[in-house]
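# Summary of the model geometry
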Amino acid sequence: MRTALLARCTRTLGGVSLAAVLTLGGAGLATADGPGDTERATVSSSSQDGAHDYWTSERMQQARPAAELAPSGEEVSADVEVGTPTTIPGQKAAQPAQKGASEGKSKPEQNAAAAQDTVGKVFFTQGGQDYVCSGNAVASGNGSTVATAGHCVNDAGTWATNWVFVPGYDHGTAPYGTWAATDLVSTDQWVQQEDISYDVAFATVVPESGAGTLESVVGTTGIAFNQARGQHYTAYGYPAASPFDGESLESCTGTAFDDTFGGTMSQGIDCDMTGGSSGGPWFLDDGAQNSVNSFGYTTQSNVMYGPYFGEDAQDAYAEAAAL
């Protein structure tokens, strides 16, 4: 049975909430409860600079898929890399891995078939180990918002450090540079309970040098919430676990179905992507993002699950997009 790498962050001490004032590990991360069911970590300027400097080509190559960042043994494991399963009581083993139809506007060319520039790799540090996920630039008021999975920003209540987004990553190249997180936002259900059905997060980012927005450099895609279930999707990501090597963008297509296998609120599609693809976008046929790669089951091969983008995911997006 797998156990979480990091203990849960203590939320109270002597009856006084620490959420609004806690600074984690001296790493420049100030955490606070957001509006509704969201939580946010703000990254200091010095830590942003440090993240840019930290990610050498060698470290990017050595970063692991985030399969080890799993909830405790009584919950579903996050990520899609094959590994030691954990279980939900009474459920099967799982492996790590219409309020607002669409938010923002996407450039005409940035649709599910031509999203290579908006999709990229996410690199971060958790518990002294470097990890890799995937992400996508989505339309927002600030023009610099990235969608990814919750377990790609927070593990057992502890926020990731050295968090950067590398749009358009391809075989070791970063054609648009690295973009460091200024804020990380996720759902309260993920941060507090590691509820896999709410495994979604958003980051606001800044470039390594100069000014400008992520949208002005690579464009963005639309994002949609509270849509009908069972739609057709195209999913993207950078799977790094065998048989993939994480060096190129891969994709899957399929019609979503409910998780009758494990009983989560997530939807599944037929997909053979592995660890490292976590956080990669699911696009509707109209080009709007409507989920992220989240997890799979060891005993159900070639199926990827992603969280339903309902009001909680929309609240997390709205907070990040307004920063």
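Further up the page is the structure itself.
Residues numbered from 1 in each chain as written. Predicted model: local features only at pLDDT ≥ 70, side-chain atom pairs only at ≥ 80, totals over all residues. Heavy atoms only, no water.

Excluding glycine, a negative phi dihedral is what most residues carry, and trans is how most peptide bonds are arranged. Look at the link from serine 242 to proline 243: it is a cis peptide, with omega at 10 degrees. Inspection of the secondary structure assignment puts proline 243 in the loop between strand 14 (232-237) and strand 15 (250-255). Even without a glycine there, the phi angle at glutamate 194 is positive, about 50 degrees. Tracing the backbone through its elements, the reader meets glutamate 194 in the loop between helix 3 (188-193) and strand 13 (201-207). Of the residues examined, glutamate 194 reaches a relative accessible area of 3% and is grouped as buried. Within the chain, asparagine 226 stands out as a residue other than glycine whose phi angle is a positive 55 degrees. Its location among the elements puts asparagine 226 in the loop between helix 4 (214-218) and strand 14. Taking the relative accessible area as the measure of exposure, asparagine 226 reaches 8% and is therefore buried. (Helix = DSSP H or I, 4+ residues; strand = E, 2+ residues; numbered from the N terminus. Buried < 20%, exposed > 50% of the residue type's maximum accessible area, 1.4 Å probe, protein only.)

One open sheet holds the four strands; their spatial order is 16-17-21-20, and the pairing between them is antiparallel. Because the sheet does not close on itself, it has two edges, and the strands there are strand 16 (257-258) and strand 20 (295-297). One ladder, built from two bridges, connects strand 16 with strand 17 (residues 267-270); its direction is antiparallel. Across the sheet, residue aspartate 258 finds its bridge partner in strand 17, namely glutamine 267. (Pairing = 2+ DSSP bridges.)

On to helix 1 (residues 45-54). Quick reminder: α-helices carry 3.6 residues per turn. Residues three or four places apart thus point the same way. Residues of helix 1 that are buried include every one of Ser47, Gln48, Ala51, His52 and Tyr54, and no others. For helix 1, the buried positions fall inside an angular range of 165 degrees around the axis, keeping them on one side. For helix 1, exposure combined with an orientation more than 90 degrees from the buried face picks out Ser45, Ser46 and Asp53. (Arc of directions from axis to C-beta.)

Bringing the pattern of salt bridges into the picture now. As enumerated under the stated definition, the model contains three salt bridges in all. Of the charged contacts, one joins aspartate 183 and arginine 40 as a salt bridge, the two residues approaching to 3.2 Å between their closest N and O atoms. A residue is classified by how much of its surface remains accessible, and aspartate 183, at 9% relative accessible area, is buried. Classification of arginine 40 as partly exposed rests on a relative accessible area of 22%. The residue glutamate 319 makes a salt bridge to arginine 40 at a minimum N-O spacing of 2.8 Å. Exposure remark for glutamate 319: the relative accessible area of 9% places this residue in the buried category. (Salt bridge = Lys/Arg side-chain N within 4 Å of Asp/Glu carboxyl O.)

Once that is clear, we can look at the environment of valine 153. Residue placement: valine 153 occurs in the loop between strand 8 (145-148) and strand 9 (154-155). According to the relative accessible area criterion, valine 153 is buried, its value standing at 0%. Once the C-alpha coordinates of valine 153 and valine 200 are considered, the two residues, 47 residues apart in sequence, prove to be 9.1 Å apart. Discounting residues that sit within four places of it in the chain, valine 153 has contacts with Thr148, Thr158, Trp159, Ala160, Trp163, Leu184, Ser186 and Ala201. (Contact = heavy atoms within 4.5 Å.)

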